[in-house]
Amino acid sequence: MTSAYNGAITGRFSMAARIQEIDAARFERDGFVVARQLVDAGQRAALASAVEQSLTPLSGPVEFEADLGYPGAPRDRSAAGGNTPRRLLSAYSRGAAFRTWQTDERLGVRLRSLLGGRQPMLSQSHHNCIMTKYPGYSSATHWHQDIRYWSFDRAELISTWLALGAEFEANGALSVIPGSHRLELDRGRFDADLSLRMDLKENQKLVDRAVIVELEPGDVLFFQCRLFHAAGTNRTAEVKLSLVSTYHADDNHPIPGTRSAQYPAVALPS
Ligand SMILES: O=C(O)CCC(=O)C(=O)O
């Protein structure tokens, strides 16, 4: 190998390491970071086709919009649009395309860096889903932290949100409050469902700092489980599809007997 070739390789490695360092610092400060164009058109097409197989015919396990009763959702399963899915659950068990993506080395390397060098593990118990947002019957999701229903040694989990199509305000893209993963709020700031109470001025002030995370197809949002986020309904004519997975370090264990410990975690190559 020539020294010029060696130099080019070393340069590329140190550039990648530098980008990871910058991303880790941003993630620490803001609670989220976006990796642009991580998934190319070929892999997106394979994933989109696997999603289609799960949608037609609709195969379970599925969470329906009507089950949650969020604003905009059909009243119940027998109402018009009552069979609109919100999440296709257990993505990892649905086929090779999902498994390949959820354990992709490019995710592993980034997650290891964001987890302070620890081994990343995929949780099969949380998220691990294809999020669908349909025109007409999709709901809005109030401001919340994902950790609200999860039980681990430490609140240090990271979710990845892969956009299969473009995501923007009108089709219900996520909004986030930068830096909110570091807040310690009193229980009184939350409602019964652990969403932020919007009748409180101090919560409105917090939400005023929100930004919309616009994504292009193939972009991946990484966000911390304490980051406050929300989303609107889909007001366009096309369904929005995203693949959402949650990871934790191998020394951050689910509490035995809780839903978080329901399925075994999967180690990622990194
Ligand atoms: O797309 C949405 O409505 C938001 C979903 C969400 O925030 C979540 O799954 O935690």
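Here is a short report on the structure shown in this document. All residue numbers refer to position in the chain's written sequence, counted from 1. Owing to the predicted nature of the model, reporting of local features is limited to residues with pLDDT of at least 70; listing and counting of side-chain atom pairs is limited to 80 or more, with chain, interface and lining totals taken over all residues.

### Quick word on the overall build of the chain
Step number 1: The way it works is that DSSP assigns letters per residue, a run of H or I at least four long becomes a helix, a run of E at least two long becomes a strand, and they are numbered from the N terminus. Secondary structure assignment for the chain yields six helices and 13 strands.
Step number 2: Taken over C-alpha atoms, the radius of gyration is set against a globule rule of 2.2 Å times the number of residues to the power 0.38. Whereas a compact globule of 270 residues would reach a radius of gyration of roughly 18 Å, the chain reaches 19 Å, a difference of no more than 12%.
Step number 3: Along the three orthogonal principal directions, the C-alpha set of the chain runs to about 70 × 45 × 40 Å.
Step number 4: In this scheme the burial state of a residue depends on its C-beta neighbours within 10 Å: 20 or more other such atoms mean buried, 12 or fewer mean exposed, and anything in between means partly exposed; the C-beta positions come from the backbone. By residue count, 37% of the 270 residues in the chain fall in the buried class.

### Section: the sheet that holds strand β6 (residues 141–144)
Step number 1: Being paired, for any two strands, means DSSP has found at least two bridges between them. The sheet built from four strands is open, its strands ordered β6-β11-β8-β9 with antiparallel pairing. If you trace the sheet from one side to the other, it starts and ends with β6 and β9 (211–212), each paired once.
Step number 2: Bridge analysis of strand β8 (residues 174–176) against β9 gives two bridges, and the strand direction is antiparallel. Within β9, the residue paired with Val 176 across the bridge is Val 211.

### As for the site of the ligand
Step number 1: Residues are counted as near a molecule or strand when the C-beta atom, derived from backbone positions, lies within 6 Å of that molecule or strand. Around the ligand, the neighbouring residues are Met 131, Lys 133, Thr 141, Asp 146, Gly 172, His 229 and Ala 231.
Step number 2: Breaking the shell around the ligand down by element, the ones donating at least two residues are β5 (129–133) and β11 (229–231).
Step number 3: Residues are grouped as follows: Ala, Val, Leu, Ile, Met, Phe, Trp, Tyr, Cys and Pro are nonpolar; Asp, Glu, Lys and Arg are charged; all remaining types, including Gly, are polar. Split into classes, the residues belonging to the shell around the ligand amount to two nonpolar, three polar and two charged.

### Observations regarding helix α2 (residues 41–55)
Step number 1: Along its 15 residues, α2 runs 20 Å from first to last C-alpha, staying within 8% of the 21 Å computed at 1.5 Å per residue.
Step number 2: Within α2 the residues assigned to the buried category are Leu 47, Ala 50, Val 51 and Ser 54. An end-on view of α2 places all buried positions within 105° of arc, on one side of the element. With respect to the buried face of α2, the exposed residues turned more than 90 degrees away are Ala 41, Gly 42, Ala 45, Ser 49, Glu 52 and Gln 53.
Step number 3: Those residues of α2 that are buried are in contact with β3 (85–88), α4 (96–102), β5 and β12 (240–249). Multiplying 1.5 Å by the helix residue count minus one yields the expected span of that helix. For this quantity, the arc is that covered by the directions from the helix axis to the C-beta atoms. Note on contacts: each residue gets a C-beta atom placed from the backbone, and two residues are in contact if those atoms are within 7 Å.

### Section: the nonpolar core
Step number 1: A set of buried Ala, Val, Leu, Ile, Met, Phe, Trp, Tyr and Cys residues, joined through C-beta atoms within 7 Å, is what we mean by a nonpolar core. The biggest cluster of nonpolar side chains holds 52 residues, and the ones touching the most others in it are Leu 221 and Phe 222.
Step number 2: Beyond its immediate chain neighbours, meaning those up to four positions away, Phe 222 contacts Phe 27, Phe 32, Val 33, Ala 35, Arg 110, Leu 114, Ile 158 and Thr 160.

### Some points on the pairing of strand β7 (residues 157–163)
Step number 1: The buried count for β7 comes to seven of seven residues, which makes it a mostly enclosed element.
Step number 2: The sheet contact formed by β7 and β12 spans seven bridges and is antiparallel. Across the sheet, residue Leu 157 finds its bridge partner in β12, namely His 248.
Step number 3: Strand direction decides the pairing type here: β7 and strand β10 (residues 220–224), joined by five bridges, are antiparallel. Bridge pairing in β10 links Thr 160 to Phe 222.

### Describing unusual backbone geometry
Step number 1: With an omega dihedral of -5°, the bond running from Thr 56 to Pro 57 counts as a cis peptide bond.
Step number 2: Looking at the secondary structure, you find Pro 57 in the loop between α2 and β2 (62–64).
Step number 3: The omega torsion of the bond from Gly 60 to Pro 61 falls at 0°, within 30 degrees of zero and hence cis.
Step number 4: Among the secondary structure elements, Pro 61 is positioned in the loop between α2 and β2.
Step number 5: The backbone phi angle of His 127 is positive, close to 50°, even though this residue is not glycine.
Step number 6: Within the element layout of this structure, His 127 appears in the loop between β4 (120–123) and β5.

### Description of helix α5 (residues 105–114)
Step number 1: All buried positions along α5 are accounted for by Leu 107, Arg 110, Leu 111 and Leu 114. An end-on view of α5 places all buried positions within 100° of arc, on one side of the element.
Step number 2: Gly 116, located one to two residues past α5, shows a positive phi value of around 70°.

### A short note on the environment of Pro 85
Step number 1: Take Pro 85: it is sitting in strand β3.
Step number 2: According to the C-beta neighbour criterion, Pro 85 is buried, with 24 such atoms within 10 Å.
Step number 3: The spacing of Pro 85 and Ser 138 is 53 residues in sequence and 8.6 Å in space, taken between C-alpha atoms.
Step number 4: Leave out the neighbours within four places in its chain, and Pro 85 touches Leu 58, Val 62, Phe 64 and Thr 132.

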